[in-house]
Amino acid sequence: MSASGSDLSVRGLATRSGSFQLEGIDLDVGSDEVLVVLGPSGAGKTMLLHTIAGFRQATAGNVRIKGREVTGLAPELRRIGFVFQDAALFPHLTARDNVCFGLRAHRLSSPTKVDELMDRFGVSALADRTPRSLSGGERQRVALARALAFGPEVLLLDEPLSALDQPTREELRSVLQDLLSGLGIPAVHVTHDRDEAFILADKLAVIESGKLRQVGAADRVAAQPADAVVAKMLGWLELGNGHVIDGKVVIGGLAFDAQAHSGDVLVFYRPEDIRLSRDRTEQGLLFRARVQRIVRAVPLSHVALGPLPPITALVLNREFERLTLRPDAEIEVQIPQGSVVVVPDEARTNRPTALETWRPPRLL
Amino acid sequence: MWMLGGLLIAFILLPLVRLAGTSSVTSLTHAAETAAIRDAILLSLQDAAITAGLATLVGVPLAYVLAFRRFRGRSLLQAVVDLPLAVPHTVAGIALLFVFGRTGWIGAPASHLGISFYGSQWGIVAAMLFVSAPFAVNSARVALESIDANLDRAARSLGASPSFAFRHVTLPLAGRGVMTGAVLVYARSISEFGAVVIIAFYPVTAPVEVYNLFLQSGLAQSAAAAVLLLLVSLATFLVLRTLASGWLFAGADRERLR
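None of the values given here were measured: they were computed from a predicted structure.

A few points about the overall build of chain B
- When helices and strands are tallied, chain B shows twelve helices and zero strands.
- Counted from the first residue to the last, chain B has its helices and strands arranged as α-α-α-α-α-α-α-α-α-α-α-α.
- Overall size of chain B, expressed as C-alpha extent along the three principal axes, is 65 × 55 × 35 Å.
- When each of the 258 residues of chain B is scored for burial, the buried share is 39%.
- Put simply, of all contacts in chain B between residues at least 6 apart along the chain, 78% involve residues at least 24 apart.

And the structure:
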């Protein structure tokens, strides 16, 4: 993370709404960088964007754009483009007048730029339509053009895809991907959708209950979640909790490398990395399990295995056919080396589970 | 449900239809040619229009505060706005007289400036404003509250100052509600009798004139003036109502929720 290339810098930002508190937010986003803020609903994602944009007062900390302090400024003086979840187009104006609004407010006029942007987002033909007559995807395209027309120095996107249906969402996601990759200004995109986050992010921040849990390069955060919350948000499944002894943690009879952690830890695995086979030929952490439950879905089916430890494997359907999986069948299970992550058990949950039944470790 | 609803509609329409049936074209033209009746109706129209304009002018800022600002005593303020709805209008007239009368808190200094509320058009407007102001404030407030807060945020992020955002986004979107409020104020004002008759018996407004005719000449004589007033106020009300709710603010159509 180069401090020099950070055109949007957020330091110790805090704000509150009733009893909900957002605090200690540190973020750095360079030009041409996309930071995706991932978090469950109610985590404070929108609140964070609103505080950066100036819709909400910060109670502490500061926001800088290219070194310019904007923390106390009114939103109209910050030069931050904002895209809302529901597009928030002005219903009394045509699509084109919506896009022109920022220029009008700045007492500027640049018809070519407006045409160019509307063209770029494929909404030129809709210029004279009112927002009410547009589809969700079209509205969001107009909203993107509107947010960029006045030449903002930062772009904030508040779950712009989550109100759309699946096909439109995927379509607009690739529009966003193209846009963000060549934008040239820092972009912060907020979402609760993991796929969206991985597709769009250069940097990934995970936020929960108003606190920043982890921030860093997207692939690094994805491979090395720092805590249980981040791991769950990023699609890791919990295998169980245990105590580190001699650099190993044993769960359900399986011993895992503690990855330099000590004390009480939680072990997570990636369900799509679990390999199932009929015969024990593969390398890695191997054990034999029984198929408990099968949920067929597209493109991956869920196979719940047991009894110890309870693992869910995500299996491609063609693989599924090959293995002829049936409930109660015995199968060889392999957990590859990089597909397990150990994090500190902050809550020290001590759940009384069958996992605490000690069995002699079967080290490999 | 239909039957009870129908009863109410009949209850509203029956007296009006019966009243309209009592008069002939000749009696109406005769009433319209009577200077006292004509002047009274014109005065009512004029003062109701002034009141509607005034109520909107001072009502919208208050509606804005009630809709968007969160502060202690906000619900108390809202209750004060609604108060005139609960005060009997003759009581309102007497209360107004204490303030706007020749020796009242406002009436006394005003009379030094040569403005008299008692027995003048200003008194009529004051009485009309008192009883009808809640309609202007509430109608505008509801319209403002129904505007998506993100629209104002969007405008501000695009570089609009608060006043630019108000003029180009909030007000156009609330326009229909504001107009509806003005029409309601107008309708309420033109029909006002109780408060007006106490603070300003003269100059005579149309409802007061109808009452006078009723006292002096009886039911038959007052009917013609009453029908005339009914027609004039209904006609203006319907025209204004159509303007306020129809094509004039077509752009303000609320987006349907998904």
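Examining the overall build of chain A
- Each helix and strand in chain A was counted, giving nine helices and 20 strands.
- If you line up chain A on its principal axes, its C-alpha atoms span 75 × 45 × 35 Å.
- By residue count, 44% of the 364 residues in chain A fall in the buried class.
- For chain A, long-range pairs separated by at least 24 residues make up 67% of all intrachain contacts whose partners lie at least 6 apart in sequence.

A few points about the sheet that holds strand β17 (residues 300–306) of chain A
Residue and element names in this part refer to chain A.
- Taken in spatial order, the five strands make up an open sheet running β15-β19-β16-β17-β18, and their pairing is antiparallel. Only two strands of the sheet have a single neighbouring strand rather than two, namely β15 (275–277) and β18 (311–316). Ignoring which end each strand starts from, the neighbouring axes of this sheet average 45 degrees apart.
- Pairing of β17 with β18 involves six bridges; the strand directions are antiparallel. Considered in β18, the bridge of L305 is made with I311.

A few points about the interface of chain A and chain B
- Between chain A and chain B, the contact holds 21 residues from the first and 20 residues from the second.
- When the residues that make up the side of chain A that touches chain B are grouped by side-chain class, the tally is 13 nonpolar, four polar and four charged.

Focus: the confidence of the model for chain B
- Per-chain confidence: chain B averages 88 in pLDDT, with 95% of residues scoring 70 or above.
- Among the scores for the predicted complex, ipTM is 0.84 and pTM is 0.81.

Considerations on the sheet that holds strand β12 (residues 248–251) of chain A
Residue and element names in this part refer to chain A.
- What the five strands build is an open sheet, ordered β13-β12-β11-β14-β20; its pairing is antiparallel. Unpaired on one side and paired on the other, β13 (254–257) and β20 (340–344) mark the two borders of the sheet. On average, each strand axis in the sheet is inclined to that of its neighbour by 35 degrees, with strand direction left out of account.
- Where strand β14 (residues 264–269) meets β20, five bridges bridge the pair, whose relative direction is antiparallel.

With respect to helix α11 (residues 206–217) of chain B
Residue and element names in this part refer to chain B.
- Across its twelve residues, α11 extends 16 Å between first and last C-alpha, which sits within 8% of the 16 Å expected from 1.5 Å per residue.
- Among the residues of α11, those classed as buried are A206, P207, V208, E209, V210 and L213.
- Buried-residue contacts for α11 involve α3 (35–68), α10 (194–199) and α12 (219–245).

So, how was this worked out
Residues numbered from 1 in each chain as written. Chains lettered and ligands numbered in written order. Predicted model: local features only at pLDDT ≥ 70, side-chain atom pairs only at ≥ 80, totals over all residues. Helix = DSSP H or I, 4+ residues; strand = E, 2+ residues; numbered from the N terminus. Buried ≥ 20, exposed ≤ 12 C-beta atoms within 10 Å, placed from the backbone. Contact = placed C-beta atoms within 7 Å. Pairing = 2+ DSSP bridges. Axes fitted to C-alpha atoms, helices over the stretch in contact; angles between N-to-C directions. Nonpolar A, V, L, I, M, F, W, Y, C, P; charged D, E, K, R; others polar. pLDDT = per-residue confidence, 0-100. Expected span 1.5 Å × (residues − 1).

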